[in-house]
Amino acid sequence: MKALLIASTLCLAQGFHVGVHPTGAVSRARSVSMRSWTAADMQFASLPLPEEVESLLSADTDRKTTSQMWAAFSKCYETEDEAVEAAKRNTGTILPYLNSPSNIIGSYAYIVEELGLEQAREVCKQNPGVLQCDPRALRQTSGEEIARAAKVVDNFERLKLPPAVSAAPRLP
């Protein structure tokens, strides 16, 4: 785990986006500036952003598309409070330049198909980032692997790391 944290920190410092596949494999790619949306994504319904979610966003984040992201994201949780807590854990999942409604809906549908509604909701609470996966790629992973990976993410994020380790250094 410490090796993964160190590798992630180094890659971020070098301008790489670091992702962890649901199976635990680490991937690296240069950061991309915008997530492409389909015509269906652009037509997706929206929901007003709760104040707590609004406070997580920068001033230049588009509220219209973020409201569409919120509408898709909040459907994956039993209550609004659970969705807000998940957004706090992984704000990137609701940012329209990093994700799309079709990724959220498609990933969630596959997880429900594999694990059932109750366990799918638990997985999404443990690892909201799973809703950023391309659903077609996620289908190559079993529900059991996704659930195991969610537990690993949840346990790792709950570790009480010293500030020097938990804050990723930024190089000029």
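Since we're looking at a predicted model, the values are computed, not measured.

**Student:** Quick rundown of the environment of Arg89? Include the residues and the values.
**Tutor:** With respect to the helices, strands and loops of the structure, Arg89 is situated in helix α5 (residues 80-89). Residues Arg89 and Gln126, spaced 37 residues apart in sequence, show a C-alpha to C-alpha distance of 9.2 Å. Leaving out residues up to four positions away in the same chain, Arg89 has contacts with Lys125, Gln126, Pro128, Val153, Asp154, Glu157 and Arg158. A distance of 2.9 Å separates a polar atom in the side chain of Arg89 from the backbone oxygen of Lys125.

**Student:** So what about the nonpolar core? Which residues, and what values?
**Tutor:** In terms of nonpolar packing, the biggest core is built from 31 residues, with Trp70, Phe73, Val130 and Leu131 touching the most fellow members. Counting only elements with at least two residues in this core, the list comes to α4 (63-74), α5, α6 (101-115), α7 (117-126) and α9 (143-157). No other element matches the 5 residues that α6 contributes to this core. Leaving out residues up to four positions away in the same chain, Trp70 has contacts with Leu47, Pro48, Leu49, Pro50, Val53, Glu80, Ala83, Val84, Ala87 and Ile94.

Rules behind the numbers
Residues numbered from 1 in each chain as written. Predicted model: local features only at pLDDT ≥ 70, side-chain atom pairs only at ≥ 80, totals over all residues. Heavy atoms only, no water. Helix = DSSP H or I, 4+ residues; strand = E, 2+ residues; numbered from the N terminus. Contact = heavy atoms within 4.5 Å. Polar contact = N/O pair within 3.5 Å; in protein donor to acceptor, adjacent residues only side chain to side chain. Core = buried A, V, L, I, M, F, W, Y, C linked by side-chain atoms within 4.5 Å. Buried < 20%, exposed > 50% of the residue type's maximum accessible area, 1.4 Å probe, protein only.

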